[in-house]
Amino acid sequence: QVQLVESGGGLVQTGGSLRLSCAASGRTFSSYAMGWFRQAPGKERQFVAGISKSGGSTAYADSVKGRFTISRDNGKNTVYVQMNSLKPEDTAVYYCAAEGPLIGPYDVALRAAADFGSWGQGTQVTVSS
């Protein structure tokens, strides 16, 4: 497993932008699929975006498609999510997740929370109206 630490959350107005970062420990980051999830108060944790171990494949929830962009820098052991055109309904705690090491040519973006074995502590994002 890897240790994950999120950063970049905060308070932003509707229409604003934030970039979340997730730093991972270990020397095999490039063999891990990564993902972002979020959980609003009283709601279940939901998938936001996923990226394959190489970065060549990405996946998004319909609610964020066109507004959020997931990326990774394997040299820095970090995954990002750029969030633009933020809405009040994007308010939640955002969690970074990792699954791996994934051996061989398996290089797809994962979507299900149950597919991820490591989780960060989360970072709060609040979008004011």
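A.B. asks: Tell me about the pattern of salt bridges, residues and numbers included.
C.D. replies: Where charged atoms from two side chains of opposite charge approach closely, those side chains can pair. Taken as a whole and judged by the stated rule, the model has 3 salt bridges. With a closest N to O distance of 3.3 Å, Lys65 and Asp62 form a salt bridge. Among the salt bridges present, the one from Asp90 reaches Arg67, with a minimum N-O distance of 2.7 Å. A residue pair is termed long-range when its members are at least 10 positions apart, and Asp90 in the loop between β8 (78–83) and β9 (92–99) and Arg67 in the loop between β6 (58–60) and β7 (68–73) qualify at 23 residues. Comparing Asp90 with Arg67, the two get one shared label, buried. Via salt bridges that share partners, Arg38, Arg67 and Asp90 belong to a single interconnected network.

A.B. asks: Go over the nonpolar core, please, and point to the residues and values.
C.D. replies: Generally speaking, a soluble globular protein has its nonpolar side chains buried in company with each other. Core analysis: the biggest nonpolar cluster contains 39 residues, and Leu4, Met34, Trp36, Phe68, Val79, Met83 and Tyr94 have the highest contact counts within it. Listed by contribution, the elements that provide at least two residues to this core are β3 (18–24), β4 (33–39), β5 (46–51), β6, β7, β8, β9 and β11 (123–128). Considering each element in turn, this core owes the most residues, 5 residues, to β9. Dropping the residues within four chain positions of it, Met83 is found in contact with Gly16, Ser17, Leu18, Leu20, Arg67, Phe68, Tyr94 and Val125.

Criteria and cut-off values
- Residues numbered from 1 in each chain as written.
- Predicted model: local features only at pLDDT ≥ 70, side-chain atom pairs only at ≥ 80, totals over all residues.
- Heavy atoms only, no water.
- Salt bridge = Lys/Arg side-chain N within 4 Å of Asp/Glu carboxyl O.
- Helix = DSSP H or I, 4+ residues; strand = E, 2+ residues; numbered from the N terminus.
- Buried < 20%, exposed > 50% of the residue type's maximum accessible area, 1.4 Å probe, protein only.
- Core = buried A, V, L, I, M, F, W, Y, C linked by side-chain atoms within 4.5 Å.
- Contact = heavy atoms within 4.5 Å.

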